[in-house]
Amino acid sequence: MGHWRESFFEVVKSTAPIVGMIVVLKLTLLDSDATSIALVLLGSIMAIIGLVLFLVGARLGILPFGERLGGKMPQFGSVALLLGFGVILGFAITIAEPDVRVMARQVDLVSPGFFPPGSLILAIAIGVALFVGLSLLRTALQARLVTFLVPSYLLLFLLAFLARPEYLAVAFDSGGVTTGPLTVPFILAFNVGVASVLGKRDGVSDSFGIVALASIGPVAAVLLLGLLLGSGG
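Residues numbered from 1 in each chain as written. Predicted model: local features only at pLDDT ≥ 70, side-chain atom pairs only at ≥ 80, totals over all residues. Heavy atoms only, no water.

Draft legend 1. Looking closely at the overall build of the protein. Helix and strand counts for the protein come out as 11 helices and zero strands. Scanning the protein from its N terminus toward the C terminus, one meets helices and strands in the order α-α-α-α-α-α-α-α-α-α-α. Taken over the C-alpha atoms alone, the protein extends approximately 60 × 55 × 25 Å along its principal axes. Sequence separation of 24 or more characterises 81% of the internal contacts of the protein that already satisfy a separation of 6 or more. Approximately 12500 Å² of the protein is accessible, and the part contributed by carbon and sulfur atoms is 73%. Charged side chains in the protein number 13 positive and 12 negative. The centres of these two groups are separated by 10 Å. (Helix = DSSP H or I, 4+ residues; strand = E, 2+ residues; numbered from the N terminus. Contact = heavy atoms within 4.5 Å. Areas by Shrake-Rupley, 256 points an atom, 1.4 Å probe, with all protein chains shown as cover. Lys, Arg positive; Asp, Glu negative; His and termini not counted. Charge placed at Lys NZ, Arg CZ, Asp CG, Glu CD.)

Here it is as C-alpha coordinates:
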(Lines give C-alpha, C1' and ligand atoms only; values in the text may rest on other atoms or scores of the structure.)
Protein backbone atom coordinates (compact mmCIF):
# COMPACT_ATOMS: atom_id res chain seq x y z
CA MET A 1 0.00 0.00 0.00
CA GLY A 2 2.92 2.30 0.72
CA HIS A 3 4.12 2.07 -2.89
CA TRP A 4 0.72 3.19 -4.19
CA ARG A 5 0.45 6.13 -1.81
CA GLU A 6 4.02 7.27 -2.42
CA SER A 7 3.67 6.99 -6.20
CA PHE A 8 0.32 8.80 -6.24
CA PHE A 9 1.54 11.83 -4.28
CA GLU A 10 4.77 11.93 -6.29
CA VAL A 11 2.89 11.99 -9.60
CA VAL A 12 0.29 14.54 -8.44
CA LYS A 13 3.00 16.83 -7.08
CA SER A 14 4.89 16.77 -10.39
CA THR A 15 1.90 16.99 -12.77
CA ALA A 16 -0.41 19.42 -10.96
CA PRO A 17 1.60 22.56 -11.87
CA ILE A 18 1.71 21.51 -15.54
CA VAL A 19 -2.02 20.82 -15.68
CA GLY A 20 -2.76 24.12 -13.95
CA MET A 21 -0.58 26.02 -16.40
CA ILE A 22 -2.28 24.36 -19.39
CA VAL A 23 -5.74 25.25 -18.08
CA VAL A 24 -4.70 28.85 -17.43
CA LEU A 25 -3.22 29.18 -20.93
CA LYS A 26 -6.33 27.73 -22.54
CA LEU A 27 -8.54 30.17 -20.64
CA THR A 28 -6.40 33.24 -21.30
CA LEU A 29 -4.69 32.77 -24.67
CA LEU A 30 -6.85 30.29 -26.55
CA ASP A 31 -10.48 30.32 -27.57
CA SER A 32 -11.56 27.46 -25.31
CA ASP A 33 -14.95 26.22 -24.19
CA ALA A 34 -16.06 23.99 -21.34
CA THR A 35 -15.69 20.86 -23.48
CA SER A 36 -12.04 21.47 -24.31
CA ILE A 37 -11.24 22.25 -20.68
CA ALA A 38 -12.99 19.04 -19.62
CA LEU A 39 -10.95 17.08 -22.16
CA VAL A 40 -7.73 18.50 -20.76
CA LEU A 41 -8.75 17.53 -17.23
CA LEU A 42 -9.87 14.08 -18.32
CA GLY A 43 -6.66 13.49 -20.22
CA SER A 44 -4.64 14.67 -17.22
CA ILE A 45 -6.44 12.26 -14.92
CA MET A 46 -5.77 9.41 -17.33
CA ALA A 47 -2.10 10.41 -17.53
CA ILE A 48 -1.84 10.52 -13.73
CA ILE A 49 -3.36 7.05 -13.44
CA GLY A 50 -0.96 5.72 -16.06
CA LEU A 51 2.08 7.27 -14.38
CA VAL A 52 1.06 5.91 -10.98
CA LEU A 53 0.65 2.42 -12.43
CA PHE A 54 4.02 2.70 -14.17
CA LEU A 55 5.87 3.86 -11.06
CA VAL A 56 4.35 1.14 -8.91
CA GLY A 57 5.17 -1.45 -11.57
CA ALA A 58 8.74 -0.20 -11.84
CA ARG A 59 9.28 -0.25 -8.09
CA LEU A 60 7.69 -3.65 -7.57
CA GLY A 61 8.83 -5.43 -10.72
CA ILE A 62 11.31 -3.76 -13.07
CA LEU A 63 13.83 -2.43 -10.56
CA PRO A 64 14.10 -5.52 -8.32
CA PHE A 65 14.23 -7.86 -11.32
CA GLY A 66 16.89 -5.79 -13.10
CA GLU A 67 19.03 -5.58 -9.98
CA ARG A 68 18.78 -9.33 -9.28
CA LEU A 69 19.59 -10.11 -12.91
CA GLY A 70 22.57 -7.77 -12.84
CA GLY A 71 23.83 -9.37 -9.64
CA LYS A 72 23.51 -12.86 -11.16
CA MET A 73 25.41 -12.32 -14.42
CA PRO A 74 28.91 -11.70 -12.94
CA GLN A 75 28.63 -14.96 -11.01
CA PHE A 76 29.20 -16.88 -14.26
CA GLY A 77 32.74 -15.50 -14.26
CA SER A 78 32.76 -14.38 -17.90
CA VAL A 79 33.15 -10.74 -18.87
CA ALA A 80 32.34 -11.63 -22.49
CA LEU A 81 29.05 -13.20 -21.40
CA LEU A 82 28.21 -10.14 -19.30
CA LEU A 83 28.93 -7.76 -22.18
CA GLY A 84 27.08 -9.90 -24.71
CA PHE A 85 24.04 -10.12 -22.47
CA GLY A 86 24.17 -6.35 -21.87
CA VAL A 87 24.26 -5.67 -25.63
CA ILE A 88 21.26 -7.94 -26.24
CA LEU A 89 19.41 -6.39 -23.30
CA GLY A 90 20.08 -2.84 -24.48
CA PHE A 91 18.92 -3.66 -28.00
CA ALA A 92 15.72 -5.40 -26.88
CA ILE A 93 14.69 -2.70 -24.41
CA THR A 94 15.31 0.09 -26.91
CA ILE A 95 13.21 -1.63 -29.57
CA ALA A 96 10.37 -1.76 -27.03
CA GLU A 97 10.88 1.83 -25.80
CA PRO A 98 7.73 3.88 -26.63
CA ASP A 99 9.64 7.16 -26.95
CA VAL A 100 11.82 5.74 -29.72
CA ARG A 101 8.80 4.71 -31.77
CA VAL A 102 7.15 8.10 -31.25
CA MET A 103 10.36 9.75 -32.46
CA ALA A 104 10.47 7.59 -35.59
CA ARG A 105 6.81 8.33 -36.38
CA GLN A 106 7.33 12.06 -35.95
CA VAL A 107 10.35 12.09 -38.26
CA ASP A 108 8.41 10.17 -40.90
CA LEU A 109 5.44 12.51 -40.47
CA VAL A 110 7.54 15.64 -40.98
CA SER A 111 9.77 14.22 -43.73
CA PRO A 112 8.31 11.06 -45.31
CA GLY A 113 11.03 8.83 -46.69
CA PHE A 114 13.85 10.76 -44.99
CA PHE A 115 15.02 7.46 -43.46
CA PRO A 116 14.36 4.02 -44.98
CA PRO A 117 11.54 2.23 -43.13
CA GLY A 118 12.68 0.90 -39.77
CA SER A 119 16.27 2.14 -40.18
CA LEU A 120 16.03 4.90 -37.56
CA ILE A 121 14.71 2.57 -34.84
CA LEU A 122 17.31 -0.04 -35.76
CA ALA A 123 20.17 2.48 -35.67
CA ILE A 124 19.06 3.84 -32.28
CA ALA A 125 18.76 0.32 -30.84
CA ILE A 126 22.19 -0.72 -32.11
CA GLY A 127 23.76 2.45 -30.70
CA VAL A 128 22.22 1.92 -27.28
CA ALA A 129 23.15 -1.77 -27.27
CA LEU A 130 26.83 -1.15 -28.06
CA PHE A 131 27.20 1.60 -25.50
CA VAL A 132 25.38 -0.36 -22.80
CA GLY A 133 28.02 -3.02 -23.42
CA LEU A 134 30.72 -0.35 -23.20
CA SER A 135 29.34 0.94 -19.91
CA LEU A 136 29.27 -2.59 -18.48
CA LEU A 137 32.89 -2.96 -19.54
CA ARG A 138 33.67 0.19 -17.56
CA THR A 139 31.94 -1.31 -14.54
CA ALA A 140 33.79 -4.62 -14.95
CA LEU A 141 37.13 -2.83 -15.27
CA GLN A 142 36.20 -0.40 -12.47
CA ALA A 143 37.47 2.41 -14.68
CA ARG A 144 36.71 6.09 -14.28
CA LEU A 145 33.66 7.30 -16.19
CA VAL A 146 35.58 10.17 -17.77
CA THR A 147 37.93 7.65 -19.41
CA PHE A 148 35.00 6.48 -21.53
CA LEU A 149 33.03 9.70 -21.81
CA VAL A 150 35.76 11.92 -23.28
CA PRO A 151 36.67 9.68 -26.26
CA SER A 152 32.98 9.03 -26.90
CA TYR A 153 32.16 12.74 -27.08
CA LEU A 154 35.21 13.40 -29.24
CA LEU A 155 33.79 10.82 -31.65
CA LEU A 156 30.43 12.62 -31.54
CA PHE A 157 32.05 15.97 -32.31
CA LEU A 158 33.82 14.44 -35.32
CA LEU A 159 30.62 12.83 -36.62
CA ALA A 160 28.66 16.03 -35.99
CA PHE A 161 31.20 17.98 -38.03
CA LEU A 162 30.88 15.55 -40.93
CA ALA A 163 27.10 15.08 -40.86
CA ARG A 164 24.50 17.17 -42.66
CA PRO A 165 22.52 19.50 -40.33
CA GLU A 166 19.21 17.65 -40.68
CA TYR A 167 20.80 14.41 -39.47
CA LEU A 168 22.48 16.25 -36.62
CA ALA A 169 19.16 17.47 -35.22
CA VAL A 170 17.51 14.04 -35.41
CA ALA A 171 20.57 12.33 -33.92
CA PHE A 172 20.70 14.40 -30.75
CA ASP A 173 16.96 14.06 -30.24
CA SER A 174 17.46 10.31 -30.61
CA GLY A 175 19.85 10.42 -27.69
CA GLY A 176 17.13 12.03 -25.60
CA VAL A 177 14.31 9.62 -26.42
CA THR A 178 16.38 6.61 -25.40
CA THR A 179 16.46 7.88 -21.83
CA GLY A 180 12.78 6.96 -21.60
CA PRO A 181 10.58 5.37 -18.95
CA LEU A 182 11.36 1.80 -19.96
CA THR A 183 15.07 1.91 -20.73
CA VAL A 184 16.44 3.97 -17.86
CA PRO A 185 14.96 2.13 -14.85
CA PHE A 186 15.94 -1.30 -16.13
CA ILE A 187 19.50 -0.64 -17.28
CA LEU A 188 20.21 1.43 -14.16
CA ALA A 189 18.94 -1.36 -11.92
CA PHE A 190 20.87 -3.93 -13.96
CA ASN A 191 24.13 -1.99 -13.61
CA VAL A 192 23.55 -1.47 -9.88
CA GLY A 193 23.24 -5.26 -9.57
CA VAL A 194 26.44 -5.80 -11.57
CA ALA A 195 28.32 -3.19 -9.54
CA SER A 196 27.13 -4.72 -6.26
CA VAL A 197 29.07 -7.85 -7.21
CA LEU A 198 32.02 -6.40 -9.13
CA GLY A 199 32.38 -2.92 -7.63
CA LYS A 200 35.19 -2.46 -5.16
CA ARG A 201 35.93 1.25 -5.14
CA ASP A 202 32.84 3.33 -4.51
CA GLY A 203 29.22 2.24 -4.76
CA VAL A 204 27.88 5.41 -6.38
CA SER A 205 30.80 5.73 -8.79
CA ASP A 206 30.57 2.10 -9.86
CA SER A 207 26.79 1.87 -10.11
CA PHE A 208 25.95 4.91 -12.22
CA GLY A 209 27.03 6.50 -15.48
CA ILE A 210 25.51 3.81 -17.69
CA VAL A 211 22.74 6.13 -18.92
CA ALA A 212 25.28 8.85 -19.78
CA LEU A 213 27.16 6.41 -21.99
CA ALA A 214 24.08 4.69 -23.38
CA SER A 215 22.63 8.01 -24.56
CA ILE A 216 25.76 8.67 -26.63
CA GLY A 217 25.28 5.50 -28.66
CA PRO A 218 22.12 6.46 -30.58
CA VAL A 219 23.52 9.90 -31.43
CA ALA A 220 26.62 8.32 -32.96
CA ALA A 221 24.60 5.61 -34.70
CA VAL A 222 22.14 8.03 -36.32
CA LEU A 223 24.98 10.30 -37.46
CA LEU A 224 26.71 7.29 -39.01
CA LEU A 225 23.44 6.31 -40.67
CA GLY A 226 23.16 9.85 -42.03
CA LEU A 227 26.70 9.66 -43.42
CA LEU A 228 25.91 6.35 -45.10
CA LEU A 229 22.66 7.63 -46.57
CA GLY A 230 24.34 10.85 -47.68
CA SER A 231 27.17 9.04 -49.40
CA GLY A 232 24.69 6.66 -51.01
CA GLY A 233 22.64 9.57 -52.35
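Draft legend 2. Looking closely at the nonpolar core. Ranked by size, the top nonpolar core spans 45 residues in total, and within it Phe115, Leu120 and Phe190 carry the most contacts. If you tally residues by element for this core, the top one is helix α5 (residues 119-141), at eight residues. When sequence neighbours within four positions are dropped, the list of residues in contact with Phe115 reads Val107, Leu120, Tyr167, Val170, Val222, Leu225 and Leu229. (Core = buried A, V, L, I, M, F, W, Y, C linked by side-chain atoms within 4.5 Å. Buried < 20%, exposed > 50% of the residue type's maximum accessible area, 1.4 Å probe, protein only.)

Draft legend 3. Representation of the environment of Ala129. Examined against the element boundaries, Ala129 turns out to sit in helix α5. The spacing of Ala129 and Val222 is 93 residues in sequence and 13 Å in space, taken between C-alpha atoms. What Ala129 contacts, discounting residues up to four positions off in sequence, is Val87, Gly90 and Phe91.

Draft legend 4. The arrangement of the packing of α5 against helix α8 (residues 183-198) in detail. Look at α5 against α8: their axes get within 10 Å of each other, and the N-to-C directions meet at 25°. With respect to each other, α5 and α8 are oriented roughly parallel. Helix-helix and strand crossings are classified by hand; for α5 and α8 the assignment is right-handed. Taking contact as the criterion, the partners of Val132, Leu136, Thr139 and Ala140 in α5 are, on α8, Ile187, Phe190, Asn191, Val194, Ala195 and Leu198. Classifying every residue of the contact of α5 with α8 gives eight nonpolar, two polar and no charged. (Axes fitted to C-alpha atoms, helices over the stretch in contact; angles between N-to-C directions. Parallel < 35°, antiparallel > 145°, perpendicular 65-115°, else oblique. Left-handed = near helix turned anticlockwise from the far one by under 90°. Nonpolar A, V, L, I, M, F, W, Y, C, P; charged D, E, K, R; others polar.)

Draft legend 5. Here's a closer look at the packing of aromatic side chains. Tallied over the entire structure, the rule returns five aromatic pairs. For the ring pair Phe115 and Tyr167, a centre distance of 5.6 Å and an interplane angle of 70° mean the geometry is edge-to-face. Here the residue Phe115 occupies a position in the loop between α4 (98-110) and α5, and Tyr167 occupies one in helix α7 (residues 165-177), the gap between them amounting to 52 residues. Aromatic ring contacts, followed pair by pair, group Phe114, Phe115 and Tyr167 into a single cluster. (Phe/Tyr/Trp six-rings, centres within 6.5 Å; stacked < 30°, edge-to-face > 60°.)

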